[in-house]
Amino acid sequence: MKNPFKFKWLLWLIPISLGLTFTNQSCSSNPQKGAALSGDAASAVYVAPGEYDEFYAFLSGGFSGQVSVYGLPSGRLLKVIPVFSQDAEKAYGYNEETKPMLNTSFGFIPWDDAHHPELSQTKGETDGRWLFINGNNTPRVARIDLTTFETAEIIEIPNSGGNHSSPFTTENTEYVVAGTRFGVPVPQQDVAINSYAENFRGAQTFIKVDPDNGEMNIEFQVLLPAFDYDLAHSGKGKSHGWTFFTSYNTEEKNTLLEVNASQNDKDYIAAINWKKAEEYMAQGKFHEVPANYAHNVMSEKTHSATTKMQDKVRVLIPSECPGLVYFLPTPKSPHGVDVDPTGEYIVGNGKLSADLTVHSFTKVLAAIENKAFETEIEGIPVLKYEEIV
């Protein structure tokens, strides 16, 4: 009797044989010219299983509120570190041990908009101890311990209306600095928005970092006019001891900002001498201002987080502290500033004009010495533009 399954077995064997043929060809040690994995680009980024990437890339997650860690050159996703948002996979923000990490003065806030991961530094070079990142919506700064790749601490920033201007470290991570994106009444109170220029202020926050364990503490704030403050960088080398904040809306307008906040030909880089600020703090020149904010810390011993609510902050007012702050005129609506490795050049970019302005720190010091000021704003000298570029 004929076997009725013989033909069916042949039909199954044909595709299996073809599949083995294609598999064998793709696994050949001598791939054909033009094959997808035969080029130098693929081999240059290949990292074999069990081997380590040369670099880590720490990427802010934006509205995810988290930090992603990728290996380079492989591009492998190594970990998503939960920071400002709940993470069901890791139970972060759900279990009782981690819920306190998301406490704020506004209550339990389980999300945020994470920006600007910044590594700790020693002598102006990244040292890999800690990673700092901001929460832009509910102003916060987090510290991630890079021995564990876990969020170790989150501190809320009082007197801040948007925390985009952070977190930027000083040369040896003495401070993490955070500027307010928009002015707020200081201390907080109900004030008519049309009194913006008179009653609102822009607080720049200096967060002290313990050099041994990284723990953060808001050391002081510097109260500036209610401009919109944005990206910052601190000096190094000869400009060590200074931090430079970009600003726009020096018109101090509160409506139709696309038009009203772009009238001035130049806005400012605010140069804050934090070494001088430390002197004024030691002299007791600060004001204690009511301010509610949360400080959340994860204990490595108990593996549980705790929240400590704070109720005041120390504030320096430039008109009472000569030499603390100077404004460097910079066109136009500058959105970012950087400092070259020597600390001599402070480079600001105009967001509303395609140009870069390079200020000389040596010329800045000379202008201060010679009192080359074009005006003064709330006790803060504005240096002459032509004297410092």
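Just so we're clear, the structure is a prediction, and the values are computed from it rather than from any experiment.

> Quick rundown of helix α5 (residues 274–282)? Include the residues and the values.
One turn of an α-helix holds 3.6 residues; hence residues three or four places apart share an orientation. If you check which residues of α5 are buried, you get Trp274, Ala277, Tyr280 and Met281. Summarising the axial view, the buried residues of α5 lie within an arc of 105°, below the 170-degree limit, and thus occupy one face. For α5, the secondary structure elements touched by its buried residues are β11 (175–179), β13 (200–209), β14 (216–225), β16 (242–248), β17 (267–273) and β19 (305–316). The opening residue of α5 is Asn273, an N-cap whose side-chain oxygen sits 3.2 Å from the backbone nitrogen of Lys275. Immediately beyond the C-terminal end of α5, within one or two residues, lies Gly284, with a positive phi of roughly 75°.

> Would you mind going over unusual backbone geometry in detail, with residue names and values included?
Residues Leu72 and Pro73 are joined by a peptide bond in cis, for which omega reads 20°. Position of Pro73 relative to the elements: it lies in the loop between β2 (67–72) and β3 (77–81). With an omega dihedral of -10°, the bond running from Ser166 to Pro167 counts as a cis peptide bond. Turning to its location among the elements, Pro167 is positioned in strand β10 (residues 165–169). Despite not being glycine, Asn159 shows a phi value in the positive range, around 55°.

> Tell me about the side chain of Thr205, and please be specific about residues and values.
Considering the arrangement of structural elements, one finds Thr205 in strand β13. Within polar-contact distance, the side chain of Thr205 engages the side chain of Gln221 at 2.8 Å. Apart from the residues within four sequence positions on either side, Thr205 is in contact with Ile157, Pro158, Val176, Val177, Ala178, Ile218, Phe220 and Gln221.

> Summarise the pattern of salt bridges; cite the residues concerned and give the values.
For the structure shown, the criterion picks out 16 salt bridges. Taking the shortest distance from any N to any O, the salt bridge between Glu278 and Lys208 comes out at 3.9 Å. Here the residue Glu278 occupies a position in helix α5, and Lys208 occupies one in strand β13, the gap between them amounting to 70 residues. For Glu278, a relative accessible area of 27% puts it in the partly exposed group. On the accessibility criterion, Lys208 (30% relative accessible area) is partly exposed. The residue Asp311 makes a salt bridge to Lys312 at a minimum N-O spacing of 3.6 Å. Of the residues examined, Asp311 reaches a relative accessible area of 47% and is grouped as partly exposed. Looking at Lys312, the relative accessible area reads 42%, which means it is partly exposed. Linked through salt bridges whose partners overlap, the residues forming this network are Asp87, Glu89 and Lys90.

> Can you lay out the pairing of strand β21 (residues 334–339) for me, pointing to particular residues and giving the numbers?
Taking burial as the measure, the six residues of β21 include five buried ones, the bulk of the element. In sequence, β21 turns back onto strand β22 (residues 345–350) through a hairpin of five residues, with Gly343 there showing a positive phi of about 85°.

Criteria and thresholds
- Residues numbered from 1 in each chain as written.
- Predicted model: local features only at pLDDT ≥ 70, side-chain atom pairs only at ≥ 80, totals over all residues.
- Heavy atoms only, no water.
- Buried < 20%, exposed > 50% of the residue type's maximum accessible area, 1.4 Å probe, protein only.
- Helix = DSSP H or I, 4+ residues; strand = E, 2+ residues; numbered from the N terminus.
- Arc of directions from axis to C-beta.
- Contact = heavy atoms within 4.5 Å.
- Polar contact = N/O pair within 3.5 Å; in protein donor to acceptor, adjacent residues only side chain to side chain.
- Salt bridge = Lys/Arg side-chain N within 4 Å of Asp/Glu carboxyl O.
- Pairing = 2+ DSSP bridges.

Everything listed here is a matter of geometry and, on its own, says nothing about what the molecule does.
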